Amino acid sequence: MEKIADIIIVGGGISGVTCAQTVNELNPDVTVILITASPLIKTVVNFKQVTERIESFQVEEKNKSYLEVSCINIEVIDDVVTEIQSENHILFTENGMKMKYKKLCLCTGGRPKVISEYNPYVLGIRDTESVQEFQKRLKNAKRIVVVGNGGIATELVYEIEGCEVIWAIKDKSIANTFVDAGAAQFFLPSINKDKTKTHEPLKRHKYTITDEETANRTINGGALGPDWSLNLTMVGLKQDSHKVHIEYNVEVNKILTAAEMLSSECDKWPVYIELSNGKVYGSDVIVSATGVIPNSQQLHTDKPFDIGEDGGIKVNDKMETNIMDIYGAGDICSANWKPSKHWLQMRLWSQARQMGCYAAKSMLADLDNEEITLDFCFELFTHMTKFFNYKVILLGKFNGQNLGENQEILLRMTEGVEYIKLILQDSRLQGAILIGETDLEETFENLILNETDLTLFKDQLLNPGIDIEDFFD
Ligand code: FAD
């Protein structure tokens, strides 16, 4: 069967769906086909502009028909793209379809980087199905090992109850992908604290995939959204609510089956993990939360894509890949433009949404022979999330990334309440970590963007007795 559309988008995650919706908003006369390997697509709901640059939203899974009903120019096809012939602007799918495009946008995301990929006791977490599988295993677990120190590992460790957790991290402090050692210290008391979690029903509708649909799939579904762990039952066999032991500065040496273990413990646990510090832990399941590999090598193309160091397909400041009329957005891509002073790429839902939106604008501009300049959302890195039930806001070069020498750090911390870290260079604010209800995000966002000279004010910047919001008004 043959189909034709002005724009074809591959991927039903946040970046692909946002891209399709943006085309619809800007020019409903442009025909769009969205091809998704999962019957459920991800949509952004409850979008809020917290400050000019910080956004908050939730992600809802919807049936693919949702887009077709709400956007008349979009057709959604549940299929897997296998091959692209860029010279002829044609692609082929697993179900034998042939489709012709003017512009193609790849939003095929990534997959978890799993240690010991084919070991049945080692799980990666990416999509709804993998979380469901994890919950199933956890129900009968007395101990699990979580490997990794990013957002997923941090949230998991906090959420799991009724099961001992060994958290193996390669750094000297927790949540290292996002926060510094000081903030990690601030979070530590929360780790083994009983949670006051309300198991309220989730107000938003959640769709599920049947076992049959899952069994027929060859490709992951879309990555989970920011509230993936909220209200999920993550409870093991034991009574104690929360027991976490952290192994710092370690890597995984080996994963061993019970049969391979020659100790007296040998039939106690189904799987064992040997860490680089020599310690061996038995476990019911091992969660590998060690990052994402962009799905950049899975498609057959007549020309090779330029691939970045992080494994993503390189895109320029118009979201174009090196192959004519093929664009990329979200976790699949590697930003290959000279970034503005206070922006960096991180594979987050906020950037997936922004890139999807901007790729749509860029493709439409090119179809209309118009020029486009890089969207202002790429001027400042912002991220809002929750760790250990604290609000966390990251701004600019929040960990001093690539700032080099002469960084000046200002800190304010009240145990259990707030942690504020500001990074200055040449008396100008470059980045901030704000934990707790600080209410300072707008002020610091403006100070970074305006590159305000703080020589005369920096001693007072974190003085709790001074209302700095008024000060800079
Ligand atoms: P994906 O969501 O991965 O979507 C890719 C889509 O492409 C899928 O629909 C897939 O089925 C489809 N696909 C792939 N190959 C093909 C093909 N050949 N043909 C057709 N379709 C194909 N970010 C945050 O900002 N905050 C968080 O708290 C947070 N928590 C997370 C928790 C978990 C467990 C995970 C896994 C990720 C989390 N992230 C978080 C990261 C965030 O979810 C991702 O950065 C973002 O969703 C990526 O969106 P995407 O559209 O680029 O890719």
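Scroll up to find the structure.
Criteria and thresholds
Residues numbered from 1 in each chain as written. Predicted model: local features only at pLDDT ≥ 70, side-chain atom pairs only at ≥ 80, totals over all residues. Heavy atoms only, no water. Helix = DSSP H or I, 4+ residues; strand = E, 2+ residues; numbered from the N terminus. Expected span 1.5 Å × (residues − 1). Buried < 20%, exposed > 50% of the residue type's maximum accessible area, 1.4 Å probe, protein only. Contact = heavy atoms within 4.5 Å. Salt bridge = Lys/Arg side-chain N within 4 Å of Asp/Glu carboxyl O.

S.K.: So what's going on with helix α1 (residues 14-26)? Which residues, and what values?
M.R.: In a regular helix each residue adds 1.5 Å, so 13 residues correspond to 18 Å; α1 covers 18 Å between its end C-alpha atoms and thus fits that length. Across the 13 residues that make up α1, a large majority, 11, are buried. Along α1, the residues that are buried comprise Ile14, Ser15, Gly16, Val17, Thr18, Cys19, Ala20, Gln21, Thr22, Val23 and Asn24.

S.K.: So what about the side chain of His383? Which residues, and what values?
M.R.: Residue position: His383 is located in strand β23 (residues 382-387). With relative accessibility at 4%, the residue His383 sits in the buried group. Ignoring anything within four residues of it in the chain, the contact list for His383 reads Phe178, Leu348, Trp349, Ser350, Val392, Ile393 and Leu394.

S.K.: Go over the pattern of salt bridges with me, naming the residues and quoting the values.
M.R.: A complete count under the given rule lists 27 salt bridges for this structure. For Lys42, the salt bridge is made with Glu61, and the minimal N-O distance between the two is 2.6 Å. With a gap of 19 residues between them, Lys42 in strand β3 (residues 40-49) and Glu61 in strand β4 (residues 55-63) connect regions that are remote in the sequence. In terms of burial, Lys42 and Glu61 fall into one category: buried. The partner of Lys103 in a salt bridge is Asp366, with the nearest N and O atoms 2.5 Å apart. Placement of the pair is Lys103 in strand β8 (residues 98-106) and Asp366 in helix α7 (residues 349-367), with a sequence separation of 263 residues. Each of Glu52, Arg53 and Glu379 takes part in one network of salt bridges that share partners.

Functional significance is not addressed by these values, which are geometric in nature.
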